[in-house]
Each structure stands twice: as structure tokens, then as C-alpha cells.
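# Geometric and topological summary
Each chain, written out:
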Amino acid sequence: MEQTFAMVKPGAVQRELIGEIITRFEKKGIKLVGLKLMQMSEELAKQHYAEHTEKPFFDELVKGITAGPVVAMVLEGENVINIVRTMAGATRPSDALPGTIRGDYVLDTGKNVIHTSDSKESAIREINLFFKKEEIINYSLATETWIYVLP
Ligand code: IDP
């Protein structure tokens, strides 16, 4: 099973979309194995978005992600890195299809409600940046045999 990192951004917390976003992942059959409401520091924001340091929107990015609390989560399931990214939708609002989170809730790239890891490497890096080992819970869901074809 694969794990990925996702984050409900401050705008989505303010718009009371936390439940809506988590519900989509739960209904898909994806398991939540880590979850926390937190206020990101400027330092953590800069680390998280390190790959964008040179981008013209970097300051706006750091300011936006620290503007209020976020909900950080670790999600587990088959191919969840790609699946969660597909469910989040495209970065550009005009490319984000209806039925995706961004397709349904976003009009501006700078207010795009959710972050999701874009590769195995970034998933590992981001999970470790936001969660201690003991904050990730290993457990089974009773529904797993109805979600996966198991050997
Ligand atoms: P992603 O979140 O879809 O993976 P990235 O290209 O990794 O997109 O960019 C990270 C974040 O930076 C985006 O989610 C968005 O909030 C912000 N961003 C990306 N491009 C722009 C832009 O052109 N203007 C303002 N913000 C941007």
C-alpha cells in the first residue's frame, strides 16, 4: 500500500470545506492514517514549498499557506499518490474538471483549497516534514475486503 500527503489549505478551512474534502477521500475507500489541524510556521512553509523558492509567487505562497490553520493528512491505499492528485484536480482552475475538488471549489490558482504530493519522493518528504512516526497509525478498516480484491 502506498501513502501520500494532502493538506486542506487555509482558505478551505475558512470556507468550512474540511469535512467535504475528507469525505471524498473516505468515500473513495482511501484510509486516513494521519490527521492534524495545525498552524504552519513561516519556516515550515518555506521548507514545504522549497522547490518554488525562485518562483515569482513564492512570497504569496508562503503568506497564503500560513494565513490560518490547515488540516494535514496522510492517506493510504493502492496508487493513492496519483489517485489523490487526480481527485484534487489540475493546478489551473480552467483545467480543473468538474467532479474534482478544485474543479468544484476553485476559481483562482492562488486559492486552490488543497495540496497533494506530486510524486513518491515528495510524498515521503512531506509526510516526514509534517508527521512524526508515532503520529501515523497502522490499522485495518473492516470494509477493506469490500474495497480491494485481496488474495
Ligand atoms: P500543485 O499544487 O497543483 O501541485 P504546483 O505547481 O506544485 O501545483 O504549485 C504549488 C502551489 O503554488 C499551487 O497549488 C498554487 O497554490 C500555487 N501556484 C502555482 N502557480 C501559481 C501561479 O501562477 N500564481 C499563484 N500561485 C500559484
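Owing to the predicted nature of the structure, the values given are computational and were not obtained by experimental measurement.

What counts as what
- Residues numbered from 1 in each chain as written.
- Predicted model: local features only at pLDDT ≥ 70, side-chain atom pairs only at ≥ 80, totals over all residues.
- Heavy atoms only, no water.
- Phe/Tyr/Trp six-rings, centres within 6.5 Å; stacked < 30°, edge-to-face > 60°.
- Lys NZ or Arg CZ within 6 Å of the ring centre and 35° of its normal.
- Patch = residues over 30% accessible without salt bridge, like charges linked within 9 Å, V, L, I, M, F, W, Y side chains within 5 Å.
- Areas by Shrake-Rupley, 256 points an atom, 1.4 Å probe, with all protein chains shown as cover.
- Salt bridge = Lys/Arg side-chain N within 4 Å of Asp/Glu carboxyl O.
- Buried < 20%, exposed > 50% of the residue type's maximum accessible area, 1.4 Å probe, protein only.
- Core = buried A, V, L, I, M, F, W, Y, C linked by side-chain atoms within 4.5 Å.
- Helix = DSSP H or I, 4+ residues; strand = E, 2+ residues; numbered from the N terminus.
- Contact = heavy atoms within 4.5 Å.
- UniProt positions renumbered as here; feature names shortened; annotations may be inferred.
- Near = heavy atom within 4 Å.
- Polar contact = N/O pair within 3.5 Å; in protein donor to acceptor, adjacent residues only side chain to side chain.
- Nonpolar A, V, L, I, M, F, W, Y, C, P; charged D, E, K, R; others polar.

Let's shift gears to the packing of aromatic side chains. Under the counting rule described, the total for this entry stands at one aromatic pair. For Lys36, the ring lying beneath its charged end belongs to Phe131, and the centroid distance is 4.9 Å.

A surface patch of nonpolar side chains, about 230 Å² in accessible area, is lined by Ile137, Tyr139 and Leu141. The class of Tyr139 is partly exposed, set by a relative accessible area of 33%.

Counting 21 residues, the largest nonpolar core has Ile21, Phe25, Met73 and Leu75 as its most contacted members. Taken together, the elements giving at least two residues each to this core come down to β1 (2–8), α1 (10–14), α2 (18–28), β3 (70–77) and α5 (80–88). No other element matches the four residues that α5 contributes to this core. Every residue in contact with Leu75, bar those within four places of it in the chain, is listed here: Glu2, Gln3, Thr4, Ala6, Phe25, Ile30, Lys31, Leu32, Val80 and Val84.

Residues given the UniProt feature "domain: Nucleoside diphosphate kinase-like" (unreviewed entry) here are residues 1–138. Segment residues 1–138 splits into 41% helix and 19% strand. End C-alpha atoms: 12 Å apart.

With that out of the way, let us pick up the site of the ligand. Neighbouring residues of the ligand: Lys9, His52, Phe57, Glu60, Leu61, Arg85, Thr91, Arg102, Thr109 and Asn112. For the ligand, an oxygen atom lies 3.2 Å from a polar atom in the side chain of His52. Residue Thr91 places a side-chain N or O atom 2.5 Å away from an oxygen atom belonging to the ligand. Protein contacts shield 76% of the accessible area of the ligand, which totals 530 Å² for the unbound molecule. Residues of the shell around the ligand, tallied by class, amount to two nonpolar, four polar and four charged.

Looking now at the UniProt feature "active site" (unreviewed entry) in the protein. Taking the numbering used here, the UniProt-annotated feature "active site" (unreviewed entry) corresponds to His115. Its place among the elements puts His115 in strand β4 (residues 114–116). With sequence-adjacent residues up to four places away left out, His115 is seen in contact with Phe5, Ala6, Met7, Lys9, His48, Tyr49 and Glu126.

If you trace the backbone, Arg24 turns up in helix α2. The buried category is assigned to Arg24, whose relative accessible area is 18%. A polar atom in the side chain of Arg24 sits 3.2 Å from the backbone oxygen of Gly99. Once residues within four sequence positions are removed from consideration, Arg24 is found in contact with Met87, Gly99, Thr100, Ile101, Asp104 and Tyr105.

Now for the pattern of salt bridges. Scanning the entire structure with this criterion turns up eight salt bridges. Here Glu42 and Lys46 are joined by a salt bridge, their closest N and O atoms 2.9 Å apart. Here Glu42 pairs with Lys46, and both are found in helix α3 (residues 42–48), just four residues apart, close to one helical turn. Its relative accessible area of 39% is what places Lys46 among the partly exposed residues. A cluster of three or more residues bridged by salt bridges with shared partners is formed by Glu20, Arg24 and Asp104.

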